[in-house]
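Each chain, written out:
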Amino acid sequence: MSDLNKTNAAIEALPPLAAMVRALDMRARKSLGQNFLFDLNLTRRIARSAGTLTGTTIEVGPGPGGLTRALLLDGAETVVAIEKDFRAGIVLDPLLAAADGRLELIEGDALKTPLWDIGTAPRRIIANLPYNIATSLLIQWLEHASTFESMTLMFQREVAERITAVPGDSAFGRLSILTGWLADADILFDIPPEAFVPPPKIISSVVQIRPLPEPRFPCDQKALETVTRLAFGQRRKMLRASLKSLGGASMLENAGIDPQSRPQDLDIAAFCRLAQALDS
Ligand code: SAM
């Protein structure tokens, strides 16, 4: 039997996740955005959708390890999992032993962990994200987009739509621009509330983000973050009003944009021109 087959046999021999969570009384905590997936068919579907798992696979919030098991079973070379809830370490212990060195657990806060420095390329992030911090995490990772081969992430459906929206879509906004500037992004499939324990009130979607080698248009990322935050903070207002603190009408004219336009009238290239005008 190959080493991988031996590890897989050891993982498949572990007790079912739901039973382990029950035995260790790891009740889900709302404050940590905990909605667990126990169905291995589903977690394997998510793992497979991320493609070949060579290099370093980074999982944020493994919780009791449903997705982690799937990543290992699907041949991930190395999984580095970052978890804030110290109780997960106890539930994950048998998986760490079965994984035979292919799984590393970092007990800490993903918001304070530079994922872009973990392991070796190719790096990818795969996660059923805690929804309360999902967009903050995404914006942070986008600042280092080129260090990741892909991100396969679960969000609330409504957030997934905002991430993947294109100009003209009603969901088009700050997240669409920050993502679309740096990456291709698609919704792969939805997951219904009843797949989770406990079930959330919303439908979830798995989104795949594939960073481009270079941003689509030249501009400074922080300037783009500032311009899009102000523009979409008051999305019904004309840009000359919402961007007043940055120079208002004259700044817009310098960037070749009608000061009376509203943020949803502009595409990513126009927002990059605004960011350049701010930066110069
Ligand atoms: N991956 C597991 C699954 O699919 O069943 C759990 C997913 S649950 C939606 C989100 C996980 O992220 C929880 O295990 C939670 O404890 C963890 N988490 C929440 N905030 C975190 C943070 N700041 N850093 C790292 N992990 C965090």
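Remember, predicted model here, so these are calculated numbers, not experimental data. (Residues numbered from 1 in each chain as written. Predicted model: local features only at pLDDT ≥ 70, side-chain atom pairs only at ≥ 80, totals over all residues. Heavy atoms only, no water.)

S.K.: A description of the layout of surface pockets should follow, citing residues and the corresponding values.
M.R.: Within this model, the largest pocket holds a volume of roughly 440 Å³. In terms of lining, the largest pocket is formed by 30 residues, of which the most central are Leu32, Gly61, Glu83, Asn128 and Pro130. Every element with two or more residues in the lining of the largest pocket is listed here: strand E1 (36–37), strand E2 (56–60), helix H4 (66–73) and strand E3 (78–83). The computed volume of the second largest pocket comes to approximately 280 Å³. Lining of the second largest pocket is provided by 14 residues; of these, Lys30, Asn35, Pro199, Pro200 and Lys201 occupy positions nearest its centre. Residue composition of the lining of the second largest pocket, grouped by class: six nonpolar, five polar and three charged. (1 Å grid on protein atoms, 1.4 Å probe; cavity = no way out; pocket = protein on both sides within 12 Å on 5 of 7 lines; lining within 4 Å. Points joined across faces, edges and corners; volume = space filled by probe spheres on them. Helix = DSSP H or I, 4+ residues; strand = E, 2+ residues; numbered from the N terminus. Nonpolar A, V, L, I, M, F, W, Y, C, P; charged D, E, K, R; others polar.)

S.K.: For the packing of helix H9 (residues 221–233) against helix H12 (residues 268–279), give the residues involved together with the corresponding values.
M.R.: With their axes 8 Å apart at the nearest point, H9 and H12 run at an angle of 115° to one another. In terms of axis orientation, H9 runs roughly perpendicular to H12. Between H9 and H12 lies a crossing of right-handed hand. Taking contact as the criterion, the partners of Ala223, Leu224, Thr226, Val227, Thr228, Ala231 and Phe232 in H9 are, on H12, Phe271, Cys272, Leu274, Ala275, Leu278 and Asp279. When the residues that make up the contact of H9 with H12 are grouped by side-chain class, the tally is ten nonpolar, two polar and one charged. (Axes fitted to C-alpha atoms, helices over the stretch in contact; angles between N-to-C directions. Parallel < 35°, antiparallel > 145°, perpendicular 65-115°, else oblique. Left-handed = near helix turned anticlockwise from the far one by under 90°. Contact = heavy atoms within 4.5 Å.)

S.K.: Give me the packing of aromatic side chains: which residues, what numbers.
M.R.: Counted by the stated rule, this structure contains three aromatic pairs. Residues Phe36 and Phe38 carry aromatic rings whose centres are separated by 6.3 Å and whose planes lie at 35° to one another, so their mutual orientation is tilted. Accessibility expressed as a relative area gives 7% for Phe36, which makes it buried. On the basis of relative accessibility, which here comes to 23%, the residue Phe38 falls in the partly exposed class. (Phe/Tyr/Trp six-rings, centres within 6.5 Å; stacked < 30°, edge-to-face > 60°. Buried < 20%, exposed > 50% of the residue type's maximum accessible area, 1.4 Å probe, protein only.)

S.K.: I'd love a proper account of the pairing of E3, names of residues and values included.
M.R.: For E3, the buried fraction is high: five of the six residues fall into the buried class. Where E2 lies against E3, five bridges are found, and the strand directions are parallel. Note that in E3 the partner of Thr57 across the bridge is Val79. Following the chain from E2 across H4 to the adjacent parallel E3, one finds a crossover that is right-handed. Relative to strand E4 (residues 103–107), E3 runs parallel, the two sharing five bridges. Counted as the bridge partner of Glu83 is Glu107 from E4. Where the polypeptide runs from E3 across helix H5 (residues 87–98) and back to E4, its parallel neighbour, the crossover connection is right-handed. (Pairing = 2+ DSSP bridges. Right-handed = clockwise from strand over helix to strand, strands pointing away.)

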